[in-house]
Amino acid sequence: MSASPLEHPEKSRDSLIRHGTDNAVSWITLNRPEAMNALTPDQREHLIRLLSDASADPSVRAVVITATGRGFCAGADLRGAAASGGERLAGDVARTIRLGAQRLISAVLDCEKPVIAAVNGTAAGIGAHLALACDLVLAAEEARFIEVFVRRGLVPDGGGAYLLPRLVGPQRAKELMFFGDALSAADAERLGLVNRVVAAQDLEKTAREWAERLAAGPTRALALTKHLVNASLDTDRATAFAAEAAAQEINMTTRDAQEGVASFVERRTPLYEGR
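These numbers come from a predicted model, not from an experiment. (Residues numbered from 1 in each chain as written. Predicted model: local features only at pLDDT ≥ 70, side-chain atom pairs only at ≥ 80, totals over all residues. Heavy atoms only, no water.)

**Q** Mind showing me how you'd approach the overall build of the protein chain here?
**A** When helices and strands are counted, the protein chain shows 12 helices and 10 strands. Over its C-alpha atoms the protein chain spans a radius of gyration of 19 Å, differing by no more than 12% from the 19 Å that the globule rule assigns to 275 residues. Considering only C-alpha atoms, the protein chain reaches an extent of 65 × 50 × 35 Å along its principal axes. Taken across its 275 residues, the protein chain has 45% of its residues classed as buried. When contacts within the protein chain are restricted to residue pairs at least 6 apart in sequence, those whose partners lie at least 24 apart make up 67%. Carbon and sulfur atoms provide 54% of the accessible area of the protein chain, an area that totals close to 14,600 Å². (Helix = DSSP H or I, 4+ residues; strand = E, 2+ residues; numbered from the N terminus. Rg over C-alpha atoms; globule rule 2.2 N^0.38 Å. Buried < 20%, exposed > 50% of the residue type's maximum accessible area, 1.4 Å probe, protein only. Contact = heavy atoms within 4.5 Å. Areas by Shrake-Rupley, 256 points an atom, 1.4 Å probe, with all protein chains shown as cover.)

**Q** How should the packing of aromatic side chains be read in this particular structure?
**A** Scanning the model with the defined rule gives 0 aromatic pairs in all. Geometry around Tyr162 places Arg166 over its ring, the cationic atom sitting 3.8 Å from the centre. (Phe/Tyr/Trp six-rings, centres within 6.5 Å; stacked < 30°, edge-to-face > 60°. Lys NZ or Arg CZ within 6 Å of the ring centre and 35° of its normal.)

**Q** Please explain the sheet that holds strand β10 (residues 196–198) as it appears in this structure.
**A** Two strands in a sheet stick together by hydrogen bonds in their backbones, pointing the same way (parallel) or opposite ways (antiparallel). Strand order across the open sheet formed by 6 strands is β1-β2-β3-β5-β7-β10, with mixed pairing between neighbours. Every other strand in the sheet has two partners, leaving β1 (17–22) and β10 as the edge strands with one partner each. Here the average twist between neighbouring strands, direction ignored, is 20°. Summarising the sheet, strand β2 (residues 25–30) and strand β3 (residues 62–67) pair through 6 bridges and their orientation is parallel. Each bridged residue has a counterpart across the sheet, and for Val25 the counterpart in β3 is Ala62. Sheet contacts for helix α1 (residues 41–56): β1, β2, β3 and β5 (115–119); angle to β1, the most-contacted strand, approximately 15°. (Pairing = 2+ DSSP bridges. Axes fitted to C-alpha atoms, helices over the stretch in contact; angles between N-to-C directions.)

Structure, rendered in structure tokens:
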């Protein structure tokens, strides 16, 4: 049996993110449990790099983002920002959001490998958006999702006003963002924010099963499918249909597409290589 990816942490500068690849799955684990995994700027940049690396690495065919402790991610760590002082100039905040939270969410949405969020506990603010940007969301029964911004007198950032209406519709999105109430894992599943709720002790096992199933699939076809689905929410039918035809044209040049067709004709199980 292979070792848990958590037993082989990447030796990052501050060890606040553990990373390991196991059975073609890149496991990214937020590891700042004493702060409920609130994201520092360094952690955010590390996450972005790991997602970019996963896209470019042919040996990685799926990604799991999870965390240690009781929290998945309590949002951005605002303590440094509050203590920074100095004069704020017009454009500073918008620039910080563009280069920070929005880049992180874009890195998840644009990752060329399927990304699973295994939400072990509270996901608040940008932490909730980090989970909801993933392609599939698994949640432990204890997990909660909180649009915490309104509690701090803030406007949602990190793509929240983009992601939520597309997942639950505008009225539900406004309810979550206007009140900032904690949403249980069961309610998140009922609303369609979560694919599956499992017992805490089964979270890693289920994430591993799902990720390894994806990693054994036709990787380029999955990447093109992800792009088509994400892009379809912002395009008209003619554009979506044209993109679908182009994606199918590209995909038919891959080895996996040829293997899929051949295995069907030969009545056998396909063996995909991710190429």
